[in-house]
Amino acid sequence: MTAGAAALMLEWGIVRGRRLTIGTLEIKQLMIRGAGRSRSQLYPNRVWGYGILDLYAAFSALGRF
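The structure presented is a predicted model; accordingly, all values stated were derived computationally and were not measured.

Thresholds, definitions, all that
- Residues numbered from 1 in each chain as written.
- Predicted model: local features only at pLDDT ≥ 70, side-chain atom pairs only at ≥ 80, totals over all residues.
- Heavy atoms only, no water.
- Helix = DSSP H or I, 4+ residues; strand = E, 2+ residues; numbered from the N terminus.
- Buried < 20%, exposed > 50% of the residue type's maximum accessible area, 1.4 Å probe, protein only.
- Areas by Shrake-Rupley, 256 points an atom, 1.4 Å probe, with all protein chains shown as cover.
- Expected span 1.5 Å × (residues − 1).
- Arc of directions from axis to C-beta.
- Contact = heavy atoms within 4.5 Å.
- Core = buried A, V, L, I, M, F, W, Y, C linked by side-chain atoms within 4.5 Å.

Trainee: How would you explain the overall build of the chain if you had to name every residue and give the values?
Mentor: Within the chain, the regular secondary structure consists of three helices and zero strands. Across the chain, helices and strands are ordered from the amino to the carboxyl terminus as α-α-α. Along the first, second and third principal axes, the C-alpha set of the chain runs to 40 × 25 × 15 Å. Expressed as a percentage of the 65 residues in the chain, the buried residues total 25%. Of the roughly 4900 Å² of accessible surface on the chain, a fraction of 58% belongs to carbon and sulfur atoms.

Following this line, the structure appears as structure tokens:
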């Protein structure tokens, strides 16, 4: 799932010309910022990592990046 989400972000940025300089580090940071988290957990943790992948929220984080 995460690899597919990263591929979609790369397509959006490079292939569609929206952000030609997007790279793996920026994608990782966007995915971490957009991850869904429970208030009862501490993150990162061994079970959920940085949270649940939320691609919409990751793209929304671009405006705040």
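Trainee: Lay out helix α1 (residues 2-15) in plain terms, naming residues and giving numbers.
Mentor: End to end, α1 covers 19 Å across 14 residues, agreeing with the expected 20 Å (1.5 Å per residue, within 8%). Restricting attention to buried positions, one finds in α1 the residues Ala5, Ala6, Met9 and Gly13. Summarising the axial view, the buried residues of α1 lie within an arc of 100 degrees, below the 170-degree limit, and thus occupy one face. Exposed side of α1, more than 90 degrees from the buried face: Ala3 and Val15 are the residues found there. Where α1 is buried, its residues touch α2 (24-34) and α3 (55-60). Within two residues after α1, glycine 17 carries a phi angle of roughly 75 degrees, on the positive side.

Trainee: Run through the nonpolar core, naming residues and quoting values.
Mentor: Counting residues in hydrophobic clusters, the biggest one holds ten residues: Ala5, Ala6, Met9, Ile22, Ile27, Leu30, Met31, Ala58, Ala61 and Leu62. Residue assignment for this core shows that the elements contributing at least two residues are α1 and α2.

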